[in-house]
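Coordinates in review
Now for the letters of each chain:
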Amino acid sequence: MFTKDIYTNRRNQLRSDVKSGLILLPGNQEAAYNYHKNTYRYRQDSNFLYFFGLNKPNFVGVLDVDSGEDWLFANDFDMDSIIWMGDMPKVSELAASVGVKNSTPTSELQKMVEKAIHEGRHVHFCDPYRAVTRHQISQLMGFYYSTVKNFSSKELIKAIVKQREIKADYEIVEIEKACDVAYLMHTEAMKMAKHVGTYEYQIAGRVEGIAMEHGGTVSFPVICSINGQTLHNHYHGNQITEGRMLVLDTGAELANCYSSDITRTVPVGGKFSDRQKAIYEIVLEANMKSIEMCRPGIKYRDVHLVACLTIAEGLKKLGLMKGDMKKAVEVGAHALFFPHGLGHMMGLDVHDMENLGEDFVGYDDETKRAKEFGTAYLRFGKKLKEGFVLTVEPGCYFIPQLIKQWRNEQKFADYIHYDEVEKYLDFGGVRIEDGILITKDGCRVLGKPVPKTVADIEALMA
């Protein structure tokens, strides 16, 4: 937790950006794993965490925009809970620790909401991403469960995004701690990938263990696979074999719930083949060019398109693409090899604030989401500002099913040399990802640098 003044100032800022009414910020409840008393590892809702700082279940926060008061609704532990779970401070004590004067049993929340509705006041809430929270809001507000999203407050969502997208110095400190743990996770995985015959689950398990050793967990389910052409591959049952490349996309989430997200691709056995090195260095060039380009005022979609062009031009040199590469990128031919966006915001959520809606976070009135395959998957496209934290993660993939489909359709045949591409059906994929902070004049990579040149990776694996 940070100091109570930080949470108080955050709530006051949110109040100043919302015209009137009540702001309802439900915390998360426990989620059952396979029966009621056996729960998943608890994770607080990030909006509640940002404004109220308490990483405990069954709390609801309310901001009264008009009176300037804050409220926390929760119940004190009873003796049964103390016997099984241990003692916990009173709700009033927890509230005081984050600068909230009003703490009230959960049963009183319904009365407050009903009173506000009766008085014609607007009750603001975000569209819930958990079913139990959606049900909670439907009960509080008197909406049908299926209609809750229709009444969510765009005014509140935009105010939260405006505030949370600029990271304070103390937040950067927490994110860099998570990046430094990710350094340990990735370098350990590289050493393990030296040993042919290791199973993916052994590497994934060790990586997750390192995050836990540092008081946290992984910031999302580990992606660890020799089948890197599957972008979010959570299957870890393969034995790693020479001639394959291992894609590891992972990060840490530490005590304050700030995240890291880094990807590296390494050759099983420790040495890049000529073919692997050629594709890898195309992606590395796209990664480094993109980072060099990032600075305030630049649209991230323009950075994405530079990465696309860099990959397309590299593939043309290898004989996999042909023709005018600028036109190829304009029509989307490059997306056969690079079908996702360049990156996303990162902070309390590894895809920061995307529960509020990708278009609210990554786009605005000036920058609208594209519709064509590939660029449509760009989560973040608007102008960069000082204080943004985001990922830069270009990739190049050979997805057999997609290649065969496009070839059968003769899609973009003027730009794709399908005979040559089909020689890579067994290749897999390459992705290289770093987290960056947008600074006054440019950007910087966060955390201890994880090896990413061919020479540095081979040296570490040796």
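Report follows, based on the coordinates. (Residues numbered from 1 in each chain as written. Predicted model: local features only at pLDDT ≥ 70, side-chain atom pairs only at ≥ 80, totals over all residues. Heavy atoms only, no water.)

We now examine empty space enclosed by the protein. Overall, the coordinates contain four cavities of 30 Å³ or more when judged by the stated rule. Taken as a whole, the largest cavity encloses approximately 140 Å³ of empty space. Lining of the largest cavity is provided by 14 residues; of these, P26, D45, C126, P128 and T133 occupy positions nearest its centre. Only β1 (22–26) and α6 (131–141) provide two or more residues apiece to the lining of the largest cavity. The element best represented in the lining of the largest cavity is β1, accounting for three residues. (1 Å grid on protein atoms, 1.4 Å probe; cavity = no way out; pocket = protein on both sides within 12 Å on 5 of 7 lines; lining within 4 Å. Points joined across faces, edges and corners; volume = space filled by probe spheres on them. Helix = DSSP H or I, 4+ residues; strand = E, 2+ residues; numbered from the N terminus.)

Time to look at the sheet that holds strand β9 (residues 223–225). Taken together, three strands build an open sheet; the order of strands is β9-β10-β12 and the sheet is antiparallel. Edge strands, defined here as strands with exactly one partner in the open sheet, are β9 and β12 (262–267). Direction aside, the axes of adjacent strands within the sheet are offset by 10° on average. Examined bridge by bridge, β9 and strand β10 (residues 245–250) share three bridges and lie antiparallel to one another. Following the sheet pairing, I223 is matched in β10 by D249. Packing against the sheet, helix α8 (residues 169–193) makes contact with β10 and β12, and its axis sits at approximately 15° to β12. (Pairing = 2+ DSSP bridges. Axes fitted to C-alpha atoms, helices over the stretch in contact; angles between N-to-C directions. Contact = heavy atoms within 4.5 Å.)

Once that is clear, we can look at the side chain of E174. Here E174 is to be found in helix α8. Setting aside anything within four residues of it in sequence, one finds E174 in contact with F2, N256 and Y258.

Below, the discussion takes up the pairing of β10. Counting buried residues in β10 gives six out of six residues, a clear majority hidden from the surface. The alternating pattern of β10 places M245, V247 and D249 and L246, L248 and T250 on opposite faces, both of which are buried. As judged from the six bridges shared by β10 and β12, these two strands associate in the antiparallel manner. Counterpart to D249 in the pairing with β12 is T263. (Buried < 20%, exposed > 50% of the residue type's maximum accessible area, 1.4 Å probe, protein only.)

Okay, the state of the cysteines next. Applying the stated criterion to the full structure yields zero disulfides. C224 forms no disulfide, and the closest cysteine sulfur to it belongs to C179, at a distance of 19 Å. The exposure class assigned to C224 is buried, which follows from its relative accessible area of 0%. No disulfide involves C294; its sulfur sits 5.1 Å from that of C443, the nearest cysteine. Judged by its relative accessible area of 2%, C294 is buried. (Disulfide = S-S within 2.5 Å.)

This brings us to the packing of α8 against helix α9 (residues 200–213). Packed helices, taken two at a time, are described by the angle their axes make and the gap between the axes. The contact between α8 and α9 brings their axes to 9 Å, and the two run at 155°. On the basis of the axis angle, α8 is roughly antiparallel to α9. The crossing of α8 and α9 is right-handed. Between α8 and α9, the contacting residues are V181, L184, M185, E188, A189, M192 and A193 on the first element and Q202, I203, R206, V207, I210 and A211 on the second. Of the residues contributing to the contact of α8 with α9, the split by class is ten nonpolar, one polar and two charged. (Parallel < 35°, antiparallel > 145°, perpendicular 65-115°, else oblique. Left-handed = near helix turned anticlockwise from the far one by under 90°. Nonpolar A, V, L, I, M, F, W, Y, C, P; charged D, E, K, R; others polar.)

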